[in-house]
Amino acid sequence: MCRAKQFLTSVLVVAVIISVSLTPLTSAFAAEASTSDEPQLSEAQAAIIADASGQTLWSKNEDMQMSLASVTKIMTAMVALDSGIDLNASYTMTAVDLGPYSQTAGYKENDQATFSDLLDVMLVFSANDAATEIARIVAGHEDKFVELMNKKAQELGMTHTHFTNVHGLEDAGKHYSSVHDMVIMGRYALLHYPLIAQVVTKRSVTVSINNQNKTFESTDQLMETYKGLLGIKTGSVESGTTFLAAAQRRGVRLYAAVLGCQTNDGRFADSAALLDWGFSHMQEQTLATQDTVVRWAPFAYNFSFKCPIYTSEATGAVFDGATLSYDSWQYRTNTLVTAQDAYGVTRWYQGERTVAICSYYAGTPVLGVPSYDIGLGIPAEPLFRSTNILRTPYEP
């Protein structure tokens, strides 16, 4: 690789473009990698693995509409928390009959329960009676609460989702979602609802029911075996089992969802396979090293001096199956600088996902810096100017 190309690849770094008036310098890099391998699934009829931004890395039937079962309760929890209700307040339970095969915590009419306990039992043990009581307390009636759930789904862009209840019990053809929408919901819940993010990692919860403490184990068995799992919700109905998962390793967060599995073990095995595949293809890369000189800029108060333009460190999770692109921006063209001035920024991205940012700043002025880099043999103006100390930490 020629030194000019080394220079270009070294200074390109993905990042969010700073919201100031910038002058674009360039946008022209791509690196493709093999995507011939796929996650090996055993049961899922629909599946998806997505990165921290929600961008799909791999999917199978991602818009297929199927019963999401108790994964529904993530939306129930979000809508409940949106109401601003007092989590520590105690409420009187009503008579709830969801049939002999419905998973319940066993609340009886006139039992007392805090709203926080109801959320815990609903999300950890997947108690359907707790979900029903939550809807009644917040909206007065389940139907009104379901309206809020569907409104929330529309606001989040869940275009293949419709709710008819708050617990996820089977309602063939009417209560459904897609794996793509499930990831949208799960990602939003973990990012915007710290309480949900905390509760879905609990192995068990102990609450008072009929004046007795009862302990309920989590339905999420994958938390015991999968390193870095962040939850978030299981589901099981007559038509199949499902799971919405999130995990984080080495600073990389991934989301996985499966629908239409045949068994409880199958949903966990397929979710683990998706996450394993995703982590194996997401690698932390140093895209720019700190304090590398990439250009010399004229000093504002004495043209005999020039200031070195330094890089910040930029490290990101690069997915090896997607195009890697960049945009470099300079705050103003032909800028005279002083020490510590902000100079520009480079953003590396894959699809909609920002991978990393490199910012540039001016250092202490130096006397007698030449206008040309003898090593590269190019003028100082194009993009950023390299010196002999420039390193190339990333080569696609």
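Remember, it's a predicted structure, so these values are computed and weren't measured experimentally.

Draft legend 1. Quick peek at the side chain of Glu142. In this fold, Glu142 is placed in helix H5 (residues 142–155). Despite its burial, Glu142 remains without a salt bridge, the nearest opposite charge being carried by Arg136 at 9.9 Å. For Glu142, the residues in contact, after removing those within four places along its chain, are Thr132, Ala135, Asn165, Val166 and His167.

Draft legend 2. Fine view of the nonpolar core. Core analysis: the biggest nonpolar cluster contains 60 residues, and Met75, Tyr107, Val121 and Ile196 have the highest contact counts within it. Ranked by residues supplied to this core, first place goes to helix H3 (residues 115–125) with 8 residues. Setting aside anything within four residues of it in sequence, one finds Met75 in contact with Met149, Lys152, Ala153, Leu156, Met158, Phe163 and Met185. Of all hydrophobic cores here, the second largest spans 27 residues; its members include Ile49, Trp58, Leu229 and Met282.

Draft legend 3. Local environment of H5. For H5, spanning 14 residues, the distance from its first C-alpha to its last is 20 Å, which sits close to the expected 20 Å at 1.5 Å a residue. By the burial criterion, the buried members of H5 are Glu142, Phe145, Val146, Met149, Asn150, Lys152 and Ala153. One side of H5 holds all its buried residues, which, seen down the axis, span an arc of 160°. More than 90 degrees from the buried face of H5, the exposed residues found are Lys144, Glu147, Gln154 and Glu155. Looking at the buried positions of H5, the neighbouring elements they touch are helix H2 (72–82), helix H4 (128–139) and helix H6 (179–192). Downstream of H5 by a residue or two, Gly157 has a phi angle that is positive, lying close to 85°.

Rules behind the numbers
Residues numbered from 1 in each chain as written. Predicted model: local features only at pLDDT ≥ 70, side-chain atom pairs only at ≥ 80, totals over all residues. Heavy atoms only, no water. Helix = DSSP H or I, 4+ residues; strand = E, 2+ residues; numbered from the N terminus. Buried < 20%, exposed > 50% of the residue type's maximum accessible area, 1.4 Å probe, protein only. Lys, Arg positive; Asp, Glu negative; His and termini not counted. Salt bridge = Lys/Arg side-chain N within 4 Å of Asp/Glu carboxyl O. Contact = heavy atoms within 4.5 Å. Core = buried A, V, L, I, M, F, W, Y, C linked by side-chain atoms within 4.5 Å. Expected span 1.5 Å × (residues − 1). Arc of directions from axis to C-beta.

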